[in-house]
Amino acid sequence: NDSMSIDWNLSTDDLTTNPSARIAGVRKGSASIGELQFSTRNSGGSLIQAMRIDETQAVIIESSTANKPYLYISNLSTSSQEGGNFIFDNADSNSNLSDNTILGETIWRGRDNSDGAYINGAKIGARIDGTTATNDMPTELFFETNSTEDASTQKMCILADGKVGIGTDVPQAK
């Protein structure tokens, strides 16, 4: 595996062997497949990979220590009344999105150590709820939890027309 990196060092230590932070482009195997790795030096003196962008364009934030990995989005503007944004975009270059297309999901999973599979514990998502048109994107929110199953199932929804369903995905009232 070949790699090239950009290192930062905020001290007078040896710049080549003791960087404070690193961004590395790493080729995986003999193919032209690669990933970007982002690392920082922890208080124990080790350079630890904190995030990477893999060959599928997935951004992976992980931690092998007791610290929990997290994504922090902040708006530091003194004139704005808004916080940070977490945006999911979904598009079809050939036509408008169709009914039931998932716009985005946030999923919480736990690892089953008996087989190594990750099982959905809960999910919140948004999906198209009806026919889209110019400047019209009818969307429902759905909420799933897991009650001792191998997958989460929908327990609540808020449809595009404002109807709320608990225990049903076809609510009749607001």
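Residues numbered from 1 in each chain as written. Predicted model: local features only at pLDDT ≥ 70, side-chain atom pairs only at ≥ 80, totals over all residues. Heavy atoms only, no water.

Peer 1: In this structure, what is going on with the overall build of the protein? I would like to understand it.
Peer 2: A count of helical and extended segments in the protein gives zero helices and ten strands. Scanning the protein from its N terminus toward the C terminus, one meets helices and strands in the order β-β-β-β-β-β-β-β-β-β. Evaluated residue by residue, the protein yields a buried proportion of 17% over its 174 residues. Surface accessibility of the protein: about 12600 Å² in total, with carbon and sulfur atoms responsible for 51%. (Helix = DSSP H or I, 4+ residues; strand = E, 2+ residues; numbered from the N terminus. Buried < 20%, exposed > 50% of the residue type's maximum accessible area, 1.4 Å probe, protein only. Areas by Shrake-Rupley, 256 points an atom, 1.4 Å probe, with all protein chains shown as cover.)

Peer 1: Any chance you could explain the packing of aromatic side chains here in plain terms?
Peer 2: The description of two aromatic rings rests on the distance between their centres and on the angle between their planes. Enumeration according to the criterion identifies zero aromatic pairs in this entry. Sitting over the face of the ring of phenylalanine 142, arginine 127 holds its NZ or CZ atom 4.1 Å from the ring centroid. (Phe/Tyr/Trp six-rings, centres within 6.5 Å; stacked < 30°, edge-to-face > 60°. Lys NZ or Arg CZ within 6 Å of the ring centre and 35° of its normal.)

Peer 1: Would you explain the sheet that holds strand E8 (residues 139–145) in this entry?
Peer 2: By definition, the strands of a sheet pair up through backbone hydrogen bonds, in either a parallel or an antiparallel sense. The antiparallel open sheet is built from five strands, whose spatial order is E6-E7-E8-E9-E10. In this open sheet, the two edge strands, each paired with only one partner strand, are strand E6 (102–111) and strand E10 (164–166). Direction aside, neighbouring strands of the sheet carry axes that sit 20° apart on average. Bridge count for strand E9 (residues 153–158) against E10 is three bridges, and the pairing is antiparallel. Bridging across to E10, isoleucine 158 finds its partner in valine 164. (Pairing = 2+ DSSP bridges. Axes fitted to C-alpha atoms, helices over the stretch in contact; angles between N-to-C directions.)

Peer 1: Quick question: what am I supposed to make of the environment of aspartate 161 here?
Peer 2: With respect to the helices, strands and loops of the structure, aspartate 161 is situated in the loop between E9 and E10. The spacing of aspartate 161 and proline 138 is 23 residues in sequence and 8.2 Å in space, taken between C-alpha atoms.

Peer 1: Would you mind showing me how to read unusual backbone geometry here?
Peer 2: For residues other than glycine, phi is negative in most cases, and the peptide bonds are mostly trans. Not every positive phi belongs to a glycine, and asparagine 100 is a case in point at roughly 75°. Mapped onto the elements, asparagine 100 comes out in the loop between strand E5 (59–61) and E6. Owing to a relative accessible area of 49%, asparagine 100 belongs among the partly exposed residues under this scheme. Unusually for a residue other than glycine, asparagine 135 sits at a positive phi of about 55°. With respect to the element layout, asparagine 135 can be found in the loop between strand E7 (118–128) and E8.

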